[in-house]
Amino acid sequence: MSDIHALSGAYAIDALDDVERARFERHLADCTDCQAEIASLREAAALLPETTVAEAPASLRVSVLEGIDEVRPLPPVVASTPPPSRRRRVVTLVAAAAAFIAIGGIGATVWHPWSDDSSDSPSISAIDRVLTAPDAESLPTDRLDSGGAVTLVRSNSLHTAVVRARDMAPAGPDRVYQLWLMHDGEFVSAGLMPSGADNTVLLEGDPASAEAFGITSEPSGGSDKPTRPPVSLIAFDQA
Amino acid sequence: MTHIGPVSTGASPSEEAPVPATDQASVLAALLKRAGRGDKGAFAELYDATSARVYGLAVRVVRDPAQAEEVAQEAYLELWRSSARFDPDRGSAISWILTIVHRKAVDRVRSAEASSRRDTSYHQQNQAVEHDATAEAAHASLEAHRVRGALTSLTDVQREALELAYFGGYTHTEVATMLDLPLGTAKTRIRDGLIRLRDTMGVPT
């Protein structure tokens, strides 16, 4: 049994730190043994709350049933296409651009950190430059627990990266999703994500020297450091 | 148990009276499917069938009842939002639900905002007392009784590691330090404990 396989139990009950979890999820995508084991271990873990049942306050029922009025259920996953390989791969110039356009239309929502104007055309060309760079590299898609997905394409020669988010849950009232790059174990802000479930954003900062990329929910305007655990975290292979 | 659990005041929730596991699984799965089509009544039923476990888990992990209520609310909104994504072929509805709740609760205690957590020494000094406090709060439900019985089949270290990780929200490396285990062995204890719980309870693999 490989060492990473032994993390299955800790993964099943959220006992990995964020970087370990991101690494394990990359392993999990290709390891059917681990997928089956985690499913069965989660069934076992789901028995533990039988020992801690507590009557919920009436106010919770009211707030939940009022809250769902304002939330549209996501559509089911209907695609029968096989899940994308999580194996890290270098994508060719044409394939990278084509893949992104195929995912959801590059003109749909485009934004970059130094402008709030979502129709700003220069940002499209900046994003295009990353996607069509000879060394454009698409990292494995991170499927979020909340149902959304985040894909990152980086170009080390251009010292930048583009992140595309789909089906993201709202960050919450007076909150915003903030993008981060981890350098030497510290998260440094890489800009803010505009509101909306689907966005394509050019990162601030150089991903070539970073260890990981993350997204957190922060108070409006963003934070100097993450104040919540990442909703998405993509570990870069160590150079 | 190594933590003070939520003490339920009086009656254990009658809506969670023992129901054969397979019936409950199919009922919850059907409610989720209807919720995915926007059926709020079905979601209300789902809430009533699960809220004692959901809230109980949230309050056990985050401790503070007000924060636990927030965590439970966030979790239910996410469940509503993603209900159409539940795939009964990949696991039971209750496992899917509690996995989401647990993750939200753990995220909350690990966030920078949760700065009032007790430290390691406090845990270790108070284990005996906490055991008793939890025992007093024991619920009479048949399922809880079975689970507690199954937990006694774990070794002490497996059970402590599992409970610190699951109910304490600690990472396996933190658990290793708290239990004075060699680095890297807590993850094995957690996994072995879950496997033993799974097999003792007859969870399909």
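Residues numbered from 1 in each chain as written. Chains lettered and ligands numbered in written order. Predicted model: local features only at pLDDT ≥ 70, side-chain atom pairs only at ≥ 80, totals over all residues. Heavy atoms only, no water.

### Some thoughts on the overall build of chain B
Each helix and strand counted, chain B has 10 helices and zero strands in total. Each helix and strand of chain B, placed in order from N terminus to C terminus, yields the pattern α-α-α-α-α-α-α-α-α-α. Among the 205 residues that make up chain B, the fraction classed as buried is 51%. In chain B, the share of contacts with a sequence separation of at least 24, taken over all contacts with a separation of at least 6, comes to 70%. Total accessible area on chain B stands at roughly 9,000 Å², and carbon and sulfur atoms take up 53% of it. (Helix = DSSP H or I, 4+ residues; strand = E, 2+ residues; numbered from the N terminus. Buried < 20%, exposed > 50% of the residue type's maximum accessible area, 1.4 Å probe, protein only. Contact = heavy atoms within 4.5 Å. Areas by Shrake-Rupley, 256 points an atom, 1.4 Å probe, with all protein chains shown as cover.)

### Let's talk about the interface of chain A and chain B
Contacts between the two partners involve 62 residues from chain A and, on the opposite side, 72 residues from chain B. Taken over both partners, the interface formed by chain A and chain B buries close to 6,100 Å², and the fraction arising from carbon and sulfur atoms is 61%. On the chain A side of the contact with chain B, Asp14(A), Leu48(A) and Thr51(A) bury the most area, a combined 10% of that side's loss. Of the charged contacts in the structure, one is a salt bridge between Asp69(A) and Lys40(B), with a shortest N-O distance of 2.5 Å. For the pair chain A and chain B, the interface holds 23 residue pairs in polar contact (both at pLDDT 80 or more). Secondary-structure elements contributing two or more residues to the side of chain A that touches chain B are helix H1 (8–12), helix H2 (18–28), helix H3 (32–45) and helix H4 (58–67) of chain A. Here the side of chain A that touches chain B takes eight residues from H3(A), the largest share from any one element. Classifying every residue of the side of chain A that touches chain B gives 34 nonpolar, 11 polar and 17 charged. (Buried area = accessible area lost by both parts, 1.4 Å probe. Salt bridge = Lys/Arg side-chain N within 4 Å of Asp/Glu carboxyl O. Polar contact = N/O pair within 3.5 Å; in protein donor to acceptor, adjacent residues only side chain to side chain. Nonpolar A, V, L, I, M, F, W, Y, C, P; charged D, E, K, R; others polar.)

### Some remarks on helix H8 (residues 156–166) of chain B
Here H8(B) lies mainly inside the structure; eight of its 11 residues are buried. Among the residues of H8(B), those classed as buried are Gln158(B), Arg159(B), Ala161(B), Leu162(B), Glu163(B), Leu164(B), Ala165(B) and Tyr166(B). Packed against the buried residues of H8(B) are H3 of chain A together with helix H2 (40–62), helix H4 (93–110), helix H7 (142–151), helix H9 (172–178) and helix H10 (186–200) of chain B.

### Focus on the packing of H2(B) against H4(B)
Between two packed helices, what matters for the description is the angle formed by their axes and the separation of those axes. Residues and elements named next belong to chain B. Running from N to C, H2 and H4 cross one another at 30 degrees; their axes reach a closest spacing of 10 Å. Compared by their axis directions, H2 and H4 come out roughly parallel. Classified by chirality, the crossing of H4 by H2 is right-handed. Across the interface between the two elements, Leu46, Thr50, Arg53, Val54, Leu57, Ala58, Val61 and Val62 from H2 touch Ile94, Ile97, Leu98, Val101, His102, Ala105, Val106, Arg108 and Val109 from H4. Classifying every residue of the contact of H2 with H4 by side-chain character gives 13 nonpolar, two polar and two charged. (Axes fitted to C-alpha atoms, helices over the stretch in contact; angles between N-to-C directions. Parallel < 35°, antiparallel > 145°, perpendicular 65-115°, else oblique. Left-handed = near helix turned anticlockwise from the far one by under 90°.)

### Quick word on the pairing of strand S6 (residues 160–166) of chain A
All names here are of chain A. Counting buried residues in S6 gives six out of seven residues, a clear majority hidden from the surface. Across seven bridges, strand S5 (residues 149–155) lies against S6 in antiparallel orientation. Residue Thr151 lies in a different strand from S6, and its bridge partner there is Arg164. Where S6 lies against strand S9 (residues 199–202), four bridges are found, and the strand directions are antiparallel. Residue Val163 lies in a different strand from S9, and its bridge partner there is Val201. (Pairing = 2+ DSSP bridges.)

### A word on the state of the cysteines
Joining two cysteines, a disulfide is a covalent bond between their sulfur atoms. All names here are of chain A. Inspection of the entire model under this criterion finds zero disulfides over all chains. You can see Cys31 has no disulfide; the closest cysteine sulfur is in Cys34, sitting 3.5 Å from it. The exposure class assigned to Cys34 is buried, which follows from its relative accessible area of 0%. (Disulfide = S-S within 2.5 Å.)

### Focus: unusual backbone geometry
Positive phi, close to 60 degrees, is recorded for Asp14(A), a residue that is not glycine. Positionally, Asp14(A) belongs in the loop between H1 and H2. When its relative accessible area of 7% is taken as the criterion, Asp14(A) is described as buried. Unusually for a residue other than glycine, Arg63(B) sits at a positive phi of about 75 degrees. Within the secondary structure, Arg63(B) is located in the loop between H2 and helix H3 (65–82). Exposure remark for Arg63(B): the relative accessible area of 29% places this residue in the partly exposed category.

### Re the sheet that holds strand S11 (residues 232–235) of chain A
Residue and element names in this part refer to chain A. The four strands are arranged S8-S7-S10-S11 in an open sheet whose pairing can be described as antiparallel. Each edge of the open sheet carries a strand with a single partner, namely strand S8 (186–192) and S11. Strand-to-strand twist across the sheet, computed as the mean angle between neighbouring axes with direction ignored, equals 30 degrees.

### A closer look at the confidence of the model for chain A
Residue and element names in this part refer to chain A. Of all residues in chain A, 79% attain a pLDDT of 70 or more, and the chain-wide mean is 77. Of all the helices and strands in chain A, strand S2 (residues 110–111) carries the lowest mean pLDDT, 32, while H1 carries the highest, 97. Within the model, the stretch residues 85–123 combines pLDDT values under 50 with 69 contacts to residues more than four positions away or in other chains. (pLDDT = per-residue confidence, 0-100.)

### Looking at the nonpolar core
Among the nonpolar cores identified, the biggest contains 77 residues, and Ile13(A), Phe24(A), Phe43(B), Leu162(B), Val175(B) and Ile190(B) are the most heavily contacted of them. The biggest single contributor to this core is H2(B), with 11 residues. Judged by nonpolar contacts, the second largest core, of 22 residues, contains Leu139(A), Leu152(A), Met168(A) and Val201(A). (Core = buried A, V, L, I, M, F, W, Y, C linked by side-chain atoms within 4.5 Å.)

### Examining the pattern of salt bridges
This model, assessed by the stated rule, comprises 16 salt bridges over all chains. A salt bridge links Arg61(A) to Asp48(B), with the shortest nitrogen-to-oxygen separation between them at 2.7 Å. Taken together, the residues Arg61(A) in helix H4 and Asp48(B) in helix H2 connect one chain to another. Using a relative accessible area of 31% as the deciding quantity, one classes Arg61(A) as partly exposed.

### Some thoughts on the packing of aromatic side chains
Residue and element names in this part refer to chain B. Counted according to the given criterion, the structure contains six aromatic pairs over all chains. Pairing Phe86 with Trp96 gives two aromatic rings, centres 5.4 Å apart and planes at 50 degrees, and the pair type is tilted. Here Trp96 lies in helix H4 and Phe86 lies in the loop between H3 and H4, a separation of 10 residues in the sequence. On the basis of relative accessibility, which here comes to 11%, the residue Phe86 falls in the buried class. (Phe/Tyr/Trp six-rings, centres within 6.5 Å; stacked < 30°, edge-to-face > 60°.)

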